[in-house]
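So you can see what is in the structure, the chains are spelled out below.
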Amino acid sequence: MTRSDSSPRQHHALAIPLPAQGHINPLMRLCETLAKAAPLYATELGIAEGEDGFIVTFLNIDPIHERLKELGGNKEHENGRNGDARPTNAIRKAHIPIDGLDLSNDFRMSIQRYLEAQASLVPAIDSTVGAADPPVTCTFNDFSMSSPSAAVRGIRRINLFPSNATTLLMLAYVVNGLLPLEEVLKVVMDPTMDTEAVFKEGLPGLPTLKNGDLLNIKHLEDENMFIYKFLTGKLKEYNEQSDAIVVNSFQELEPDSFAALSACLKVPVYPVGPLVGSSINLWKEDEECLEWLDRQPSKSVLYISFGSVALLSPAQFTELLAALESSGQRFIWVFRPGLIEGSPESSMPTEFLEKTKDQGRVVSWAPQIRILSHPSLGAFFSHCGWNSTLEAVTHGVPILCFPYFYDQFINAKYVVEVWEIGLLFISKLSLGEKGVVEREEIERLFKVMLEGEQSQKFQKNAIQLREAGRRTNLEGGTTYNNIKSLLKML
Ligand code: UDP
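As a starting point, this report considers the structure included with it. Along every chain, residues carry numbers that run from 1 in the direction the sequence is written. Residues qualify for local features only when their pLDDT is at least 70, as the model is predicted, and side-chain atom pairs are given and counted only at 80 or more; totals for whole chains, interfaces and linings, by contrast, use all residues. The side-chain numbers reported here are obtained from all heavy atoms of the structure, hydrogens and water having been left aside.

### Examining the site of the ligand
The following threshold applies: Residues are classed as near a molecule or strand on a simple rule: at least one heavy atom within 4 Å of it. Whenever a nitrogen or oxygen atom comes within 3.5 Å of another N or O atom, the pair is scored as a polar contact, on the condition that within protein one atom can donate a hydrogen and the other can accept it, and that pairs from neighbouring residues in sequence are kept only if both atoms are in side chains. Residue exposure ignores everything except the shown protein chains as possible cover, and the areas themselves are Shrake-Rupley values with a 1.4 Å probe. Numbering of helices and strands runs from the N terminus; a helix is a DSSP stretch of H or I covering at least four residues, while a strand is a stretch of E covering at least two. Following the grouping adopted for this structure description, the nonpolar residues are Ala, Val, Leu, Ile, Met, Phe, Trp, Tyr, Cys and Pro, the charged ones are Asp, Glu, Lys and Arg, and the polar ones are all others, Gly among them.
As a structural note, the neighbourhood of the ligand is formed by 18 residues, with Ser308, Ala366, Asn387, Ser388 and Glu391 the closest of them. Measuring from a nitrogen atom of the ligand, one finds a side-chain N or O atom of tryptophan 365 at 3.4 Å. A distance of 2.9 Å is found between an oxygen atom of the ligand and a side-chain nitrogen or oxygen belonging to histidine 383. Burial of the ligand by the surrounding chains reaches 92%, relative to a free accessible area of 540 Å². For the shell around the ligand, the secondary-structure elements that each account for two or more residues are helix 1 (21-37), strand 8 (301-305) and helix 16 (386-394). Considering only residue class, the shell around the ligand consists of five nonpolar, twelve polar and one charged.

### Considering empty space enclosed by the protein
We count it as follows: Grid points spaced at 1 Å over the protein atoms alone were grouped into cavities, where a 1.4 Å probe fits but cannot get out, and pockets, open sets with protein on both sides within 12 Å along at least five of seven lines, with lining residues defined by an atom within 4 Å of a point. Grid points are joined across faces, edges and corners, and a volume is the space filled by probe spheres set on the points.
Within the structure shown, the criterion is met by two cavities of 30 Å³ or more. Each pocket or cavity is described by its volume, and for the largest cavity that value is around 60 Å³. Along its surface, the largest cavity is lined by Phe306, Ala310, Leu311, Leu312, His383, Phe402, Pro403, Tyr404 and Lys428. Across the lining of the largest cavity, the residue classes break down as seven nonpolar, one polar and one charged. One number sums up the size of the second largest cavity: a volume of about 40 Å³. Lining the second largest cavity are Met170, Leu171, Val174, Leu179, Val184, Phe199, Leu214 and Tyr228.

### Details of the nonpolar core
How we decide: Definition of nonpolar core: a set of buried residues of the types Ala, Val, Leu, Ile, Met, Phe, Trp, Tyr and Cys, connected through side-chain atoms within 4.5 Å. Think of it in three bands: residues with accessible area under 20% of the maximum for their type are buried, residues over 50% are exposed, and the middle band is partly exposed, with areas taken using a 1.4 Å probe on protein chains only. Contact definition: two residues touch when any of their heavy atoms are within 4.5 Å.
Grouped together as the largest cluster of nonpolar side chains are 175 residues, with contacts concentrated most on Phe54, Phe140, Phe306, Trp333, Phe381 and Leu487. For phenylalanine 54, the contacting residues outside a window of four places in its chain are His11, Ala13, Leu34, Ala35, Ala38, Ile47, Ala90, Phe140, Leu487 and Leu490.

### Brief notes about the packing of aromatic side chains
We count it as follows: Pairing of aromatic side chains here covers Phe, Tyr and the six-membered ring of Trp, requires ring centres within 6.5 Å, and sorts the geometry by plane angle: under 30 degrees stacked, over 60 edge-to-face, intermediate tilted.
With the rule as written, the count across this model stands at 21 aromatic pairs. A centroid spacing of 5.8 Å and a plane angle of 90 degrees characterise the contact between phenylalanine 306 and phenylalanine 402, whose relative ring orientation is edge-to-face. Within this pair, whereas phenylalanine 306 is found in the loop between strand 8 and helix 13 (314-327), its partner phenylalanine 402 is found in the loop between strand 12 (399-401) and helix 17 (408-418), the two being separated by 96 residues in sequence. Here the two residues phenylalanine 306 and phenylalanine 402 agree in accessibility, since each one is buried. In this structure an aromatic cluster arises from ring pairing among Phe306, Phe381, Phe402, Phe425 and Phe446.

### Observations concerning the packing of helix 7 (residues 165-175) against helix 11 (residues 255-264)
The packing of two helices is summarised by the inter-axis angle and the distance between the axes. We count it as follows: Helix axes are fitted only over the stretch in contact, all axes being lines through C-alpha atoms; the angle between N-to-C directions runs from 0 to 180 degrees. When the near helix sits turned anticlockwise from the far one by under a right angle, the crossing is termed left-handed; a clockwise turn instead gives a right-handed crossing.
Two elements in contact, helix 7 and helix 11, have axes separated by 9 Å at closest approach and are oriented at 30 degrees. As helix 7 runs across helix 11, the sense of the crossing is left-handed. Here Ala165, Thr166, Leu168, Leu169, Ala172 and Tyr173 of helix 7 lie close against helix 11, whose contacting residues are Ser257, Phe258, Ala260, Leu261 and Cys264.

Put into structure tokens, the structure is as follows:
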């Protein structure tokens, strides 16, 4: 397949998200931002005035498409009611079938099997490109997702790294050999090992890393060997054969990592974040908790959510229930179906619900961004998924960090040690098989986060970051300029 039309009147981007909650929204937000900004550069882009000069086809897999349709609760996304970055006609939806991926179990599955299933999509993606009208001029691909095959020529290829620059930099050091893969894997797979052998020299752009800070995938099983090979394989490919990597972070958040990335990758890297604010949900949002939140005193409520994949051990669950009850701490807790490790059918004990009915709300899925931007919110008890971290940062909310897997350890490290906007609850890696944080300690941590002198400091720092995040999107800000450069490059 070769594109002969070298000067299309319309730019048509095909966006290919990884089918997971934390990946769909940032890519959608990127598309919305580009489609909104494109008319501002109509002359440079060679498009007619008006928003249809830059259109996007957002390609979901069938199980996601069906799920969104059934939920029917993602109307904001359809109608363009939510947020100012959403143009009206520029984003079309399409969907393709996928073999071997059953999402009925949510994300309680092997990460390897989940990622390998995406590989079967390449022919359908190629066909979508081949049949597109107007012709596809570029793809925006999630970093871990399949992209059009090499046979598809004449399109720009841009990859979205939906995590932070520091994680990308670590992978880049593995790719260029400064961090030998075998050494990293030895350390990652044995939590008791000292990192001295791997990191003793320090690496430009990275904070001093300890074993527990590294990218680590232990969900239902240890899949580190696979994930490191998979991600570094993707990065090698994109470094050689793509036009840009865009990162959902902003320059001011990780200046050293971005500087080092430009020095060690061939492909240009653009910070284009914070890509926060789209509202595509794979679970139904409970909005009643917002009415309850409206009635709570300023900065008094703790929001508890561990995202869409992380699991909570039964023992930790028991301690958390007891701590909430005895502390009287106001809360909104996202108790996602399947949250409790080993007991996917568990539900919240009715006795706890009864005792805490005036003190908090338990929901199965929350309007997270509206909660984080609410004046009654005091702090966020989070697994530190990158989206949750960025959403807290852009709303000036301190975080109590309970990292579970993947990049969440490094995210928590930044929250605690670099940005100083929160505390570490505990990391799943150091928790071990049976370890738990006990109720008295949890109560103490809640107090420090919401009442103590330290909480003032966290809030002050969080507000500074929030403002930096706001400025980066304004005219002249780094992200603003990068969106412009990206459009011009297209
Ligand atoms: N989220 C939400 N409601 C919830 C819990 C999470 O809308 O009750 C959203 C949250 O705002 C974030 C995403 O789900 O955008 C979770 O992504 P993250 O990277 O934080 O974690 P993951 O789910 O990928 O582990």
